[in-house]
Amino acid sequence: MPARLHADHRRIALGAARVAFFLLLGKIAGAFKEMAVAYRYGVSDVVDAYQFTLTIANWLPLTLVGAFSVVLIPVLVRSRRGDIETHQRFLRELQGGALLVGALIALGLYAAWPLVLHYVGGNLSGHVRQMSSLLVLGFAPAALCTVWTGLSAARLRAHERHVNTLLDSVPAIVILVCVMAAPLGSGIWPLLWGTLIGYVLQSLAVAIFAQRADQTTARPVLGRASPQWSVLAAAAGIMLLGQLAMSLVGPIDQYTAARLGDNANSTLGYAARLLSLVIGLGAASVGRAALPVLADIQSRGDPAHARRTALKWSVSMLLAGVAVMLVGWVLAPWGVAFLFERGAFTAQDTAAVAHVLRWGLLQLPFFFGVLILVQLLASQNRYRIMAAIAVANFLIKAVMNQVLAPHMGVAGIMLATSMMYALSYTCYTMVALRPPRDDSGAPVRAPE
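The structure contained in this document is the topic of the report that follows. Since the structure is predicted, the reported quantities are computational estimates derived from the model, not experimental observations.

**With respect to the packing of helix 2 (residues 45–79) against helix 3 (residues 84–119)**
Then step 1. Across the interface, helix 2 lies against helix 3 with an axial gap of 10 Å and an inter-helix angle of 165 degrees. Taken as axis vectors, helix 2 and helix 3 run roughly antiparallel relative to one another. For the pair helix 2 and helix 3, the sense of crossing is right-handed. Residues Phe52, Thr53, Ile56, Ala57, Leu60, Pro61, Leu64, Leu72, Val75, Leu76 and Ser79 of helix 2 form the contact with helix 3, whose participating residues are His87, Phe90, Leu91, Leu94, Val101, Ile105, Leu109, Trp113, Val116 and Leu117.
Then step 2. Taken together, the residues that form the contact of helix 2 with helix 3 break down as 18 nonpolar, three polar and no charged.

**A closer look at the side chain of Thr256**
Then step 1. By the secondary structure assignment, Thr256 is in helix 9 (residues 249–260).
Then step 2. When its relative accessible area of 5% is taken as the criterion, Thr256 is described as buried.
Then step 3. Engagement of the side chain of Thr256 in a polar contact is seen with the backbone oxygen of Ile252, the distance being 2.8 Å.
Then step 4. Only 3.2 Å separates the side chain of Thr256 from the side chain of Asn401, close enough to count as a polar contact.
Then step 5. Discounting chain neighbours no more than four positions away, the residues touching Thr256 are Asn401, Gln402, Ala405 and Ile413.

**Focus: the packing of helix 2 against helix 4 (residues 126–158)**
Then step 1. Two elements in contact, helix 2 and helix 4, have axes separated by 8 Å at closest approach and are oriented at 20 degrees. By the angle between their axes, helix 2 is roughly parallel relative to helix 4. Handedness of the crossing formed by helix 2 with helix 4: right-handed.
Then step 2. The residue inventory of the contact of helix 2 with helix 4, partitioned by class, reads 23 nonpolar, seven polar and four charged.

**Description of the side chain of Gln363**
Then step 1. In this fold, Gln363 is placed in the loop between helix 12 (347–361) and helix 13 (364–379).
Then step 2. Taking the relative accessible area as the measure of exposure, Gln363 reaches 5% and is therefore buried.
Then step 3. Among residues more than four places away in sequence, those in contact with Gln363 are Leu275, Ile279, Met414, Thr417, Ser418 and Tyr421.

Here is what the cut-offs are and how they apply
Residues numbered from 1 in each chain as written. Predicted model: local features only at pLDDT ≥ 70, side-chain atom pairs only at ≥ 80, totals over all residues. Heavy atoms only, no water. Axes fitted to C-alpha atoms, helices over the stretch in contact; angles between N-to-C directions. Helix = DSSP H or I, 4+ residues; strand = E, 2+ residues; numbered from the N terminus. Parallel < 35°, antiparallel > 145°, perpendicular 65-115°, else oblique. Left-handed = near helix turned anticlockwise from the far one by under 90°. Contact = heavy atoms within 4.5 Å. Nonpolar A, V, L, I, M, F, W, Y, C, P; charged D, E, K, R; others polar. Buried < 20%, exposed > 50% of the residue type's maximum accessible area, 1.4 Å probe, protein only. Polar contact = N/O pair within 3.5 Å; in protein donor to acceptor, adjacent residues only side chain to side chain.

Have a look at this one:
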């Protein structure tokens, strides 16, 4: 047992190291992109429109990708150990379904955007709404690419390969090039074309690596004849409910910020993107690496070992999150100034973003600690509990946004997020400490 325990911890650690390295490269590219956007646009109507449109347009595709990836990766881990022809048929059907769903989302965005601007962005200025109407022309096809990329990334992660994490930086690099190459006065067009071209290139590249990992050139087909669908569909519906609840956090933040007045979305966006740099290098790297390993341990018939492994990692990540939070609180003004304070981004903007960022840092210990527990419950197929926790998270976030934002401004939105993750960590820890059991009280084993 000690040797096997050590080996599984090592698999997570090595996978996390690879993910962290790729994330570091990607986050560097993302940081340069953000510096370019801040230099060219500052805190302005253009960034308001870009942040609002990107968040809302990405809401549904990212929700679907997040829900199905958590469910799909354990299914793919088991599927590739079975009959090769059945597995390849399943991959072809997955690709066909992804293309169909992505196309429907893109068409739906085109049709629904006037209503979105009316009901969600009603407090935005007319100029911002006009720019958003143009941006969605490029962001709707990018939504299709998001769905396709999500499927390809899940296929790679099922093989414990993480090159998709490196390729996450492709859109940022293309946006950076477009923003810096465009002449002054180009308005939103560099952001529109950079986003669209970047997402297309990313989706093609990740798909190529996924085909190599699966050692197949399976062509997409429509259908659900493969037996894997029975397991996937039952779990995905439950998981989608929870993911839908959590996915509303982004639009709620955009809606709340829009009600606070001009430039609130920009301030929130800059702070959130800085937080994403820290979160990606820390918790996300371990979370992405852990799910296929925990699913493999479950499939070997050793759920107790999987639980011990996840709990040890969770405590370590919680402590790491506390350390990062303390360092980040001290360095927040310097970090914002270093990355953004040039061109149209002023010292006043630095002070506003740093203030919001500090309140957002409070979420780090809980986010770092909970992500590994999310992977544990996913590997145990405990999707109903995960969905219930997600709904509870959404409710506290929605309520606290309304309570805190009127008094604290954009900082209140960040504090509400921190409170949400504190609740999430508490719930997941309580559930993880108790192994899953069936109706008779016997321990539940992962499906073979």
